[in-house]
Every structure is written in structure tokens, then in C-alpha cells.
Amino acid sequence: MSWRRESKRDDDRRTNLLLDALDHAYAVRTGDPCSDAGLTEFEETVLHGVGYDPARPYPPAGHRYPRKG
């Protein structure tokens, strides 16, 4: 089996897919994608979990992220 390193591009693609899914789930739950309704605890966790700080290097030093197969 051959393994390749994950790239920032791979991570960005997954992050964007996750954020798109979060937007869709929010719109379905509230009935309006621009609703003033607050986020659920799960939605907040997802949103904060995928947050990206451009000032921090990617991948972070010493990471041991799984590699994509």
C-alpha cells in the first residue's frame, strides 16, 4: 500500500466541505440560511474546530496527523 503526505490543499478541501455542510444543516434547521437563530452547541464546536489561523504554520510543528491512503 502506498501512502502520501497530506497537504494544506487536502485539509482546505475537507474544511470547505465541512463548512458547506454546516451551512446547509443550519439552513435546514432554521428554515433560513441567514436566520438570526443561534448555533447549537454541536454547530459551534464544528465551527470553532475548523477555524484556521493564517498566522500559524501548516501543518503545526510536531504534528502526527494520519496520512491519507
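Provided above is the structure to which this section pertains.
So, how was this worked out
Residues numbered from 1 in each chain as written. Predicted model: local features only at pLDDT ≥ 70, side-chain atom pairs only at ≥ 80, totals over all residues. Heavy atoms only, no water. Helix = DSSP H or I, 4+ residues; strand = E, 2+ residues; numbered from the N terminus. Buried < 20%, exposed > 50% of the residue type's maximum accessible area, 1.4 Å probe, protein only. Contact = heavy atoms within 4.5 Å. Salt bridge = Lys/Arg side-chain N within 4 Å of Asp/Glu carboxyl O.

J.: Provide a residue-level description of the environment of Leu39, including the pertinent values.
T.: One can find Leu39 in the loop between helix H1 (8-30) and helix H2 (41-49). Owing to a relative accessible area of 35%, Leu39 belongs among the partly exposed residues under this scheme. On a C-alpha basis, the gap between Leu39 and Tyr26 in space is 7.8 Å, while along the polypeptide they are 13 residues apart. For Leu39, the residues in contact, after removing those within four places along its chain, are Tyr26, Arg29, Glu44 and Leu47.

J.: Before we move on, can you summarise the pattern of salt bridges with the specific residues and values?
T.: Overall, the coordinates contain one salt bridge when judged by the stated rule. For Glu43, the salt bridge is made with Arg29, and the minimal N-O distance between the two is 2.8 Å. Of this pair, Glu43 sits in helix H2 while Arg29 is found in helix H1, placing the two residues 14 residues apart along the sequence.

J.: How would you summarise the environment of Cys34 if you had to cite specific residues and measurements?
T.: Inspection of the secondary structure assignment puts Cys34 in the loop between H1 and H2. Judged by relative accessible area, Cys34 falls into the exposed class, the value being 64%.

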